Structure formats: structure tokens, C-alpha cells
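Here's the letter readout for the chains.
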Amino acid sequence: MGSYTSNYQRLVSYTKILASHVNHGRHLDALSLFHRLHASSAAALDAFVFPLALKSCAAAHRPLLGAAIHAHVTKLSFVSNPFVACAFVDMYGKCVSISSARQLFDEIPHRNVVVWNAMISTYTHAGRVADALGLFEVMDVEPNTSTFNAIISGLSGMEDGSFKALSFYRRMGEAGLKQNLITLLALLRACVDLAVLNLIKEIHGYAIRNGIDSHPHLMSCLVEAYGRCGCIVNAQCVFDSMTTSERDVVAWSSLISAYALHGDAATALETFKQMEMEKVQPDGITFLGVLKACCHVGLADEALGYLGRMCMDYGVEATSDHYACVVDVLSRAGRLNEAYEVINGMPVRATAKTWGALLGACRTYGEVELAEIAGRALFELEPDNPANYVLLARIYASVGRHEEAQRMRREMNERGVKSAPGSSWVVYQV
């Protein structure tokens, strides 16, 4: 009896260490410890150990080890345990294939809401939101908050899923389920896409009433959401309510981007200076906001300076989006040859946004030679975009080269490229 108690206490102690490894992302250490526990005959492993090991298998991408654990767990008849089953669905979905996870899900005899949530989350993380919705509709147990969170998060990440995400948020309330931090974070993404200011305020109020508003991640998301919707005052108020330690790079970047988006370059750049004084390390998103601020007011030299500092002072690698901003501000300033030199010196391939900025400025300044170069690059990147053909044709026509302009229109017809009629949409808020 004493030996059993001692072995059990030892297993509990090792399980705590294993959980600590997993929770802190030390997955190779966790798997090494699991191997030692499995090799030891001192105590039989229980259903609490296997989900931890499977989580590390998924994170470290160890499908063969996961399959071996599956075979061992089947012998021990632990597969029916909902937490073990949930871990297997997650592991197979991340390491093997979605179809393997679904096959395992279908074979589980007794599926509680935890197991259903695991399969739905596997679908949404893989971008298969339609499959997640189909599974949601055939659930034979009552969905809980985690179920709705997975669906809302999946829909919010889709290009056309924001309205559906708001619909599921309403369904969640009708089902009497209480929203938590994960719900609000997922929902704010949809609100930003749709610029639904009233709902952002509703989420903010709910967070205050339920004591969630102090979470730094949510505060940063609120700064971004208010800023993207044009409510700069609220964005600044939320930021000011955060403590110095809570103002991480996400919060600072969100505020800088908010001011840049709405043309207040002076405040955006001043905010960046404050961020540097607070010794917060900026990232690529921070500098993207700074460069956009420079672009809005034509600070070409400053933009070049920030691009240099970004790489030299902070070791942040510039992406095509950063270069696109610099090309844009140089092009707007009429420094077209410099803009073209930046494009030629880019370590990454120039995007349509970058070439488009140069082409647009070529029309403004009547630069035909560079316009032809930019136009041809755009025809390769976006062969079906009629705007590029039309713009180059207008540049030709503006300098009296009507034959080339007609050739552009013929080329559009030969490629089957057609100009789409203009359209717009509004969100009516009551």
C-alpha cells in the first residue's frame, strides 16, 4: 500500500512538472520527461498525462510519436476519456491531416461538448469554416461559450465573414451564454472590418461591467478598433487608461497607426518618439504606421530615414509593405527616379501596390518611360486588373501618344479584361 501511495505521489509530482513544461512552451523537455515516465514501470500513466504529451506532440510536430501514444492509449481504454479524445483530435488535425482528425472524431462513441469543440476548432484553424459551421449545426449536445468562440473567430478571419460573425454573436446571447475575453477579441476583428462603432462601444462597455477591460490584449485591440473607425479620442482614452507596463508594442503600434490612418502625422510621429523614450522595442507593424504617417503628409526624406533606422537601429526586416510606403511618398513628391531606384534595390519582389504607386505618380508628373516600366510589371502581377491598362492608356493620351493609348485598349480586349462598374456600400447604424 505504501509503495502504491509513493508511486502515485511521484506520478502526480511528475505530472505537474510535465504541465509546467507544456504551459511554458518547453515541448521537447515535456516529451523527454514523458518518455522517461513511460519507460518507468514504477507507476502506470493515467488520463491526465496523455493530453499533455499529445499537446507537445502537436506543438513540436511529432506525428509518429502521437500515433504511438494513440496505440498505447487504445490498449489502456483511455480513448473514451473526453480530454484524451480532444487532445487526439487536435494532434491529428495539426500534425497529420484534417481528414484523420475527423475520422477519429467520428469513431469516438461518446462525444461531449469538449470533443465537439476540438473538431470545430480544428476546422476553423485550418480555414475550413464552412465545415465547422456544418458540424455546429448537427451537434447533438448543447454548444457552450467555447463553441461559439471558435465559430466567431473563424468567421472573423474570413474576408466576407464579419457579418456572419456578428450574427453568431447575437445567437450566443440568445442562447444565454456569457461572452468572455476570447469572444470579445474575436468579435473586435469583425467590428474593425465593418467599422461598426456602436458595437465596439458595446463590447467596451460589456468588458468594463464584467471586469475584463483591464486585460492588456483587449485594451490594445480596443485602441486599434476605435482608431480604425475614426474615433481617435476614444482610442487615446483607452491607451491613456493603460499603465506603463501594459503599453506593449501592440498598444503603441495601434495608436500610431490610428493617427497615421486619419492623417495626423505629427501626432503619430510624436507618439513613436514617446514609445522610443519608454524603451519599447518597435516591430514591423510599428514602422508601417510611421511610414504611412510620413506618406500622408509627404515627408519623403523622413520616410527614408525611418526605413534606414528600422533596419540599422532595431534589426527589423523591411517587407514589401514598408517599401511600398516609401515608394509612394517619393512618387507623390515627384522623386520618381529615386522611387524606381528603391524598387530596384528591394531585397523582396515588388508588389502591385508598390508599382501602382509609381504608375499613379507617373500620370501626375507626365513621366511616360517609367510609366511603361511600371505598367508592364503590373500586367504580369495583375493581368486581370483593368485599372492598370486604363491608367497607362491615359498617360499615353495625356502626352499625345494616342496610338499607344489605343493599343492598350486593344490589349485589354485581347486579354478579355473588362472594366467593372463602380460600386459602394454603407453600414447603417441605429
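Residues numbered from 1 in each chain as written. Predicted model: local features only at pLDDT ≥ 70, side-chain atom pairs only at ≥ 80, totals over all residues. Heavy atoms only, no water.

### Comments concerning the overall build of the protein
Here's step 1: Looking only at helices and strands, one finds 24 helices and zero strands in the protein.
Here's step 2: Taken along the three principal axes of its C-alpha coordinates, the protein extends 100 × 55 × 50 Å.
Here's step 3: In the protein, which comprises 430 residues, the proportion classed as buried is 45%.
Here's step 4: If you take every contact in the protein between residues at least 6 apart in sequence, the share linking residues at least 24 apart comes to 59%.
Here's step 5: Surface accessibility of the protein: about 21900 Å² in total, with carbon and sulfur atoms responsible for 53%.
Here's step 6: In the protein, 37 side chains carry a positive charge and 42 a negative one; their mean positions are 5 Å apart. (Helix = DSSP H or I, 4+ residues; strand = E, 2+ residues; numbered from the N terminus. Buried < 20%, exposed > 50% of the residue type's maximum accessible area, 1.4 Å probe, protein only. Contact = heavy atoms within 4.5 Å. Areas by Shrake-Rupley, 256 points an atom, 1.4 Å probe, with all protein chains shown as cover. Lys, Arg positive; Asp, Glu negative; His and termini not counted. Charge placed at Lys NZ, Arg CZ, Asp CG, Glu CD.)

### Overview of the environment of Asn 144
Here's step 1: Along the chain, Asn 144 falls in the loop between helix H8 (129–137) and helix H9 (145–156).
Here's step 2: Each C-alpha atom, one on Asn 144 and one on Lys 178, is 9.2 Å from the other, the two residues being 34 residues apart in sequence.
Here's step 3: Excluding anything up to four places from it in sequence, Asn 144 contacts Val 113, Asn 117 and Leu 177.
Here's step 4: A polar contact is formed between the side chain of Asn 144 and the side chain of Asn 117, at a distance of 3.0 Å.
Here's step 5: Only 2.9 Å separates the side chain of Asn 144 from the side chain of Thr 147, close enough to count as a polar contact. (Polar contact = N/O pair within 3.5 Å; in protein donor to acceptor, adjacent residues only side chain to side chain.)

### Quick look at the packing of aromatic side chains
Here's step 1: As enumerated under the stated definition, the model contains 13 aromatic pairs in all.
Here's step 2: Note on Phe 34 and Phe 50: the rings are 6.1 Å apart at their centroids and 70 degrees apart in plane angle, and the pair reads as edge-to-face. Residue Phe 34 is found in helix H2 (residues 27–39), and its partner Phe 50 is found in helix H3 (residues 49–60); the two are separated by 16 residues along the sequence. Like Phe 50, Phe 34 is buried.
Here's step 3: Considering the side-chain rings of Phe 287 and Tyr 314, the 5.8 Å spacing of their centres and the 55 degrees angle between planes classify their relative orientation as tilted. A residue pair is termed long-range when its members are at least 10 positions apart, and Phe 287 in helix H17 (residues 284–297) and Tyr 314 in the loop between helix H18 (300–312) and helix H19 (320–332) qualify at 27 residues.
Here's step 4: In textbook terms, an aromatic cluster arises when at least three aromatic residues are bridged by ring pairs, as seen for Phe 272, Phe 287, Tyr 306 and Tyr 314.
Here's step 5: The positively charged end of Arg 111 is found above the aromatic ring belonging to Phe 105, 4.4 Å away from the centroid. (Phe/Tyr/Trp six-rings, centres within 6.5 Å; stacked < 30°, edge-to-face > 60°. Lys NZ or Arg CZ within 6 Å of the ring centre and 35° of its normal.)

### Quick look at the confidence of the model for the protein
Here's step 1: Considering every residue of the protein, the mean pLDDT works out to 88; 95% of them sit at 70 or more.
Here's step 2: The lowest-confidence element of the protein is helix H1 (residues 2–23), averaging 78 in pLDDT; the highest-confidence one is helix H16 (residues 265–277), averaging 95. (pLDDT = per-residue confidence, 0-100.)

### Here we look at the nonpolar core
Here's step 1: Ile 69, Phe 88 and Leu 358 are the most contacted members of the largest nonpolar core, which totals 151 residues.
Here's step 2: If we skip the residues at most four places from it in the chain, Ile 69 touches Phe 34, Phe 50, Ala 53, Leu 54, Cys 57 and Phe 88. (Core = buried A, V, L, I, M, F, W, Y, C linked by side-chain atoms within 4.5 Å.)

### Overview of unusual backbone geometry
For residues that are not glycine, phi is negative in most cases, and the peptide bond is trans in most cases.
Here's step 1: Positive phi values are uncommon outside glycine, yet His 61 reaches one of about 55 degrees.
Here's step 2: Locating His 61 in the fold gives a position in the loop between H3 and helix H4 (63–76).
Here's step 3: Look at Lys 279: it is not a glycine, yet its phi comes out positive at around 65 degrees.
Here's step 4: On the secondary structure map, Lys 279 appears in the loop between H16 and H17.
Here's step 5: In this structure Lys 279 comes out as exposed when scored by relative accessible area, which is 74%.

### Some points on the pattern of salt bridges
Pairing of side chains with opposite charge becomes possible as their charged atoms draw close.
Here's step 1: In total, this model carries 16 salt bridges according to the counting rule given.
Here's step 2: Its salt-bridge partner being Asp 301, residue Arg 335 comes within 2.9 Å of it at the nearest N-O pair. Taken together, the residues span a long stretch of sequence, with Arg 335 in the loop between H19 and helix H20 (336–344) and Asp 301 in helix H18 at a distance of 34 residues.
Here's step 3: By relative accessible area, Arg 335 is classed as partly exposed at 23%.
Here's step 4: We note a salt bridge from Glu 411 to Arg 376, for which the minimum N-O separation is 3.3 Å. Taken together, the residues Glu 411 in helix H24 (residues 402–415) and Arg 376 in helix H22 (residues 368–381) connect sequence positions 35 residues apart.
Here's step 5: Linked by salt bridges that have partners in common, Arg 102, Asp 106 and Arg 111 make up one network. (Salt bridge = Lys/Arg side-chain N within 4 Å of Asp/Glu carboxyl O.)

### Thoughts on helix H15 (residues 249–261)
Here's step 1: The end-to-end C-alpha distance of H15 is 18 Å, a good match for the 18 Å that 13 residues give at a rise of 1.5 Å each.
Here's step 2: Considered for burial, the residues of H15 that qualify are Ala 251, Trp 252, Ser 253, Ser 254, Leu 255, Ile 256, Ala 258, Tyr 259 and Ala 260.
Here's step 3: Buried residues along H15 sit in contact with helix H13 (216–228), helix H14 (232–241), H16 and H17.
Here's step 4: Count one or two residues on from H15 and you reach Gly 263, which has phi positive near 80 degrees. (Expected span 1.5 Å × (residues − 1).)

### Observations concerning the packing of H15 against H17
Here's step 1: Their axes nearest at 8 Å, the elements H15 and H17 cross at an angle of 15 degrees. Between H15 and H17, the angle is such that the two are roughly parallel. As H15 packs across H17, the resulting crossing turns out to be left-handed. Judged by residue contacts, Val 249, Ser 253, Ile 256, Ser 257, Ala 260 and Leu 261 of H15 engage Ile 285, Thr 286, Gly 289, Val 290, Lys 292, Ala 293 and His 296 from H17.
Here's step 2: Classifying every residue of the contact of H15 with H17 by side-chain character gives seven nonpolar, five polar and one charged. (Axes fitted to C-alpha atoms, helices over the stretch in contact; angles between N-to-C directions. Parallel < 35°, antiparallel > 145°, perpendicular 65-115°, else oblique. Left-handed = near helix turned anticlockwise from the far one by under 90°. Nonpolar A, V, L, I, M, F, W, Y, C, P; charged D, E, K, R; others polar.)

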